[in-house]
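Below are the chains, spelled out letter by letter.
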Amino acid sequence: MADENYYQYNTPPQGQQPPQQNDQNYNPFNGNMPPMPPQEEKASVGLAILSYLIPLVGLILYLTKKDSRPKTAKVCGKCALASVIINIVLTIILYAVMGGALLSGLSDEAAVDSSYAESYDDELAAETGSDSGNTSDNTVGDYTCVVKGAEVCKDWADKDAVLITYEFTNNSDSAISFDVALDAKAYQDGIGLESTFLDDDTDIVDVEIKPGVTKEVKKAYVLRDTSTEIEIEISELISFSDDKIITKVTL
């Protein structure tokens, strides 16, 4: 009590006012001593971690505590800023990796398409009597079929047509006809040609042949014009396979 009532019995130095008890720097043990500087607690580790995990919280802590707890505010602000920078860098790296993977996948797909196109062109370059290219050694499923020739003619309606001669071999275990075994389509400029009939019976293709027998059959198609080459695609009529015999015929 003597220290607290020091100024009741002693006059302070000239020009100096005694500290008041409501002064935040007031020394309750000795009022005549110089004021004690404010002491801040150590920065909070928990708030620093929270600021790193949630940068927005770190910003709020920095703005609200920069006066009352400057150390804690500074640490929280730094953690929030570091979190934002690291997240931006990681995002850039992630997008770069994903972009590289995407470009690599597109490159691989283009290489596959190019390889397929080259293989397809090589097949079409082979010649068998007419300008033709065949897959699977002219065999699909249990049947072998070769385009032997093409003849421009007129159909029953006096339209320009082409008569395709096929050499059909039945390698199955039962008798079957050409039209039941195979689906033969003709195209000009990628557009399908309709099948048609001639005045004679040379285009009959529904005659059955026994296993191991080879027979020539003929089928007519209406032409779009008489100069564009024809592409013949032969596949099994009923099959889950994508195998085809592809033949190009020059008129």
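One numbering rule holds for all chains: residues counted from 1, following each sequence as written. Since the coordinates come from a predicted model, pLDDT governs what is reported: local features require at least 70, and pairs of side-chain atoms require 80 or more to be given and counted, while whole-chain, interface and lining totals use all residues. Heavy atoms from the whole structure form the basis of all side-chain values; hydrogens and water molecules are not counted.

### Overview of the sheet that holds strand E3 (residues 139–140)
Only strands joined by at least two bridges in the DSSP assignment are considered to pair. In DSSP terms, a helix is any run of H or I states spanning at least four residues, a strand is any run of E spanning at least two, and both are numbered starting from the N terminus. A sheet is described by the order of its strands in space; here 5 strands give the open sequence E3-E4-E5-E11-E9, paired in antiparallel fashion. One side of each edge strand has no neighbouring strand; the edge strands of this open sheet are E3 and strand E9 (195–196).

### Some thoughts on the packing of aromatic side chains
Classification of ring pairs uses Phe, Tyr and Trp, with its six-membered ring standing for Trp, and accepts pairs whose centres are within 6.5 Å; under 30 degrees between planes counts as stacked, over 60 as edge-to-face, and the remaining range as tilted. Enumeration over the complete set of coordinates arrives at 3 aromatic pairs. Taking the centre distance of 5.5 Å and the plane angle of 85° together, the rings of Phe-168 and Phe-178 count as edge-to-face. One end of the pair, Phe-168, is in strand E5 (residues 160–170); the other, Phe-178, is in helix H5 (residues 178–181), with 10 residues separating them in the sequence. With a relative accessible area of 2%, Phe-168 lands in the buried category. Exposure classes here rest on a 1.4 Å probe applied to the protein chains alone. A residue is buried below 20% of its type maximum, exposed above 50%, and partly exposed in between. Residue Phe-178 is classed as buried on the basis of its relative accessible area, which comes to 1%.

### Focus on the sheet that holds strand E12 (residues 230–236)
Strand order in this open sheet of 4 strands is E8-E7-E12-E13, and the pairing throughout is antiparallel. Here the strands that pair on one side only, and so sit at the sheet edges, are strand E8 (191–192) and strand E13 (245–249). Looking at chain direction, E12 and E13 are connected through 5 bridges and run antiparallel. Bridging from a neighbouring strand, Ile-232 pairs with Thr-247 of E13.

### Description of the environment of Leu-53
The residue Leu-53 is located in helix H2 (residues 45–53) in this model. Residues Leu-53 and Ser-83, 30 residues apart in the sequence, show an inter-C-alpha distance of 7.1 Å.

### Quick word on the pairing of strand E11 (residues 214–222)
Relative to E11, E5 is paired through 9 bridges, and the arrangement is antiparallel. Residue pairing for E11: Phe-168 is matched across the bridge by Lys-215. Summarising the sheet, E9 and E11 pair through 2 bridges and their orientation is antiparallel. Note on E11: the bridge partner recorded for Thr-196 is Ala-220.

### Some points on the pattern of salt bridges
Opposite charge on two side chains makes pairing possible when the charged atoms of those side chains draw close. By definition, a salt bridge exists where a carboxyl oxygen of Asp or Glu is found within 4 Å of a side-chain nitrogen of Lys or Arg. Under the definition given, this model contains 5 salt bridges. Close ionic contact of Asp-183 with Lys-185 constitutes a salt bridge, the shortest N to O distance being 3.6 Å. Here Asp-183 falls in the partly exposed class, since its relative accessible area comes to 23%. Classification of Lys-185 by relative accessible area gives partly exposed; the value is 40%.

Function cannot be inferred from these measures alone, as they are strictly geometric.
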